[in-house]
Amino acid sequence: MPYLVRLWFGVREPVGQATYAASGFGLMLLKYAVEALAIWMFAAQWFPPWQFLNPVLTMRMELLQPGPPWLGWALFVWSLPFLWIAITMSVRRAADAGASPWAGMLVLVPLVNLVIMPVMCLMPRGTSGGWSPRTQPARSEDQARSGALALGGGLMVGGAMMAVSVYALNSYGAALFVGTPLMMGVVSGYLFNRNLPRSYAASMGLGLATMGAAGLALLLFALEGVICVAMALPLVLPLGLLGGIMGKAIADASRRPPRELLALVVLLPVWATAESLLAPRAEHEVLTAVEIDAPPQVVWEHVIRFPELPPPTEWHFRLGIAAPQRARIEGAGVGAIRYCEFTTGQFVEPITVWQPGRRLAFDVTEQPEPMFELSPYRHVHPPHLEGALRSKRGEFRLIALSGGRTRLEGRTWYELEMFPSSYWTLWTQVLIGSIHERVLQHVKQLAEEDSAAER
């Protein structure tokens, strides 16, 4: 296996100062160059280097909006190997410098990592043995019992963070969705291998099993519904798997006291608290457009109000995502109130701009829950259904085209208090875009029928 592959993706090679610095800065430049090129090619946007260092990544998602829907998902998958390299090399560098390998896990914490990584570049090699994983073959004695106890340890970390982050802080941040699943896997993998070395395959499987058991517990205890658990799985499953590997590697290479692991676990609530107090509320925009074979004056009448839509056929609407049903308006002009009724309730939208045949803009003062949770229980109401996703305002623009046609644009501006935003906005962009598409296609059908009747 080539040295660089072993260095970056393995867990056995020691990492010295020069190796850490060269890999860190070189891979950072590579990652930035590829992302900047992709955003320029597919979204026609310039990606400044200072936005690349933004730990919340909200600005990056705004740059992706003009691009195709798959671009955000592609960049998310592209980022996963770099996350793994940063963690495993930092853990090995900390051990090489004579510090606790658990200190390397601090590269997960936004802003803290901007200090930790340069410090690790400067720390000289220690005299305590550094990073030297055990080489004896993996053993399978009493593996089932050890696995069950290790899985329980990982679940305890997840349960404690769920209580602190969700129910105490009402925070759905990166500490919950990135730090917690990774640490759950690390704790499980470490406890599983601490006394006897197990195989990497078993440790990886235990990391995945920990995530699966956590999702099942959320459903069984009516803490979440099927949709939200399914949306989180693409994020947490890889982190749990990687955590299992990292936990095994640290157990194999270090005999540090367990209190160091406990100190790192305790850092998770501190991280969550900082996020709940300091995380910015960025506003995101979703734009969808259709071209309609009808003049703007005809389209306008179906924008301000429209009758019942047919039942939705898309899978996400049928599973409980709020679907638009009809719209009505009381009054005319600025100050009129538009009511857009969804399957979960109604949006109340005071009109702020009224330009017949051109533009209709409105604020959102009341909104229903974004979904009905799919669950074996009758009532499941996780806290994120109230306020994590907030529509702020919206508008319709009607642009006259040649031949008596109209380009109809629908925009929604919203805030999302779930991090990492680079992941969760991938879902909200798709789901809000599908809501737009459902409304715009309905308006298109009605307007074209009216226009054809007039002709």
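Refer to the structure presented above.
Described below are features of the structure shown in this document. (Residues numbered from 1 in each chain as written. Predicted model: local features only at pLDDT ≥ 70, side-chain atom pairs only at ≥ 80, totals over all residues. Heavy atoms only, no water.)

1. Observations regarding helix α2 (residues 17-43)
Because each turn of an α-helix spans 3.6 residues, side chains separated by three or four positions in sequence point in the same direction.
For step 1, the next point in the chain: Look at α2: 38 Å from first C-alpha to last across 27 residues, which is about the 39 Å you get at 1.5 Å a residue.
For step 2, the next point in the chain: Within the span of α2, buried status applies to Y20, S23, L27, K31, Y32, E35, A36, A38, I39 and A43. (Helix = DSSP H or I, 4+ residues; strand = E, 2+ residues; numbered from the N terminus. Expected span 1.5 Å × (residues − 1). Buried < 20%, exposed > 50% of the residue type's maximum accessible area, 1.4 Å probe, protein only.)

2. Observations concerning the pattern of salt bridges
For step 1, the next point in the chain: Counting across every chain of the model gives 23 salt bridges.
For step 2, the next point in the chain: A salt bridge links E341 to R328; its shortest N-O distance comes to 3.4 Å. Taken together, the residues span a long stretch of sequence, with E341 in strand β3 (residues 337-342) and R328 in strand β2 (residues 324-330) at a distance of 13 residues.
For step 3, the next point in the chain: On the accessibility criterion, R328 (34% relative accessible area) is partly exposed.
For step 4, the next point in the chain: Bridged by salt links that share partners, the residues E285, R359, E395, R397, R407, E409 and R411 form one connected network. (Salt bridge = Lys/Arg side-chain N within 4 Å of Asp/Glu carboxyl O.)

3. Quick word on the pairing of β2
For step 1, the next point in the chain: Bridge count for β2 against β3 is six bridges, and the pairing is antiparallel. The residue of β3 that forms the bridge with R326 is E341.
For step 2, the next point in the chain: From the end of β2 to the start of β3, which pair antiparallel, there are six residues, and G331 there has a positive phi angle of about 95°. (Pairing = 2+ DSSP bridges.)

4. Things to note about the side chain of S100
For step 1, the next point in the chain: Looking at where S100 falls in the secondary structure, it is placed in the loop between α5 (70-96) and α6 (112-122).
For step 2, the next point in the chain: Its relative accessible area of 12% is what places S100 among the buried residues.
For step 3, the next point in the chain: Separated by 2.6 Å, the side chains of S100 and E260 make a polar contact. (Polar contact = N/O pair within 3.5 Å; in protein donor to acceptor, adjacent residues only side chain to side chain.)

5. A look at the sheet that holds strand β7 (residues 405-416)
For step 1, the next point in the chain: As summarised here, the arrangement of the seven strands in space is β1-β7-β6-β5-β4-β3-β2, forming an open sheet in which the pairing is antiparallel. With partners counted over all chains shown, the strands left at the sheet margins are β1 (283-292) and β2, one partner each. For this sheet the average axis-to-axis angle between neighbouring strands, irrespective of direction, equals 25°.
For step 2, the next point in the chain: Pairing of strand β5 (residues 359-363) with strand β6 (residues 389-401), which is carried by five bridges, proceeds in the antiparallel orientation. Within the sheet, the bridge partner assigned to A361 lies in β6 and is E395.
For step 3, the next point in the chain: In this fold helix α14 (residues 421-454) packs onto β1, β2, β3, β6 and β7, with an angle of close to 30° to the strand it touches most, β1. (Axes fitted to C-alpha atoms, helices over the stretch in contact; angles between N-to-C directions. Contact = heavy atoms within 4.5 Å.)

6. Points about the side chain of H384
For step 1, the next point in the chain: Within the secondary structure layout, H384 lies in the loop between β5 and β6.
For step 2, the next point in the chain: In contact with H384, other than residues within four places in its own chain, are Y172, E224, C228 and E373.

7. Brief notes about the packing of aromatic side chains
For step 1, the next point in the chain: Going through the model one piece at a time under the given rule, you end up with 14 aromatic pairs.
For step 2, the next point in the chain: Their ring planes at 85° and their centres at 6.0 Å tell us that W73 and Y423 sit as a pair that is edge-to-face. One end of the pair, W73, is in helix α5; the other, Y423, is in helix α14, and 350 residues separate them in sequence.
For step 3, the next point in the chain: By relative accessible area, which is 0% here, Y423 ends up buried.
For step 4, the next point in the chain: Arranged with centres 6.3 Å apart and planes meeting at 25°, the rings of Y172 and F177 form a pair that is stacked.
For step 5, the next point in the chain: By relative accessible area, which is 9% here, F177 ends up buried.
For step 6, the next point in the chain: Chaining the aromatic ring pairs together yields one cluster made of W73, F76, Y172, F177, Y423, W424 and W427.
For step 7, the next point in the chain: Stacked on the ring of Y339, the Lys or Arg R328 has its end atom at 4.3 Å from the ring centre.
For step 8, the next point in the chain: The cationic tip of R338 hangs over the ring face of F362; the distance from NZ or CZ to the ring centre is 5.6 Å. (Phe/Tyr/Trp six-rings, centres within 6.5 Å; stacked < 30°, edge-to-face > 60°. Lys NZ or Arg CZ within 6 Å of the ring centre and 35° of its normal.)

8. Concerning the pairing of β7
For step 1, the next point in the chain: Taken across its 12 residues, β7 has 10 buried, putting it largely inside the fold.
For step 2, the next point in the chain: Sheet analysis places β1 next to β7, joined by 10 bridges and oriented antiparallel. The residue of β7 that forms the bridge with E285 is W413.
For step 3, the next point in the chain: Here β6 runs beside β7; their pairing, made up of 12 bridges, is antiparallel. Bridging from a neighbouring strand, E395 pairs with R411 of β7.
For step 4, the next point in the chain: Where β6 folds back onto β7 in an antiparallel hairpin, the turn is made up of three residues, including G403, whose phi is positive at roughly 75°.

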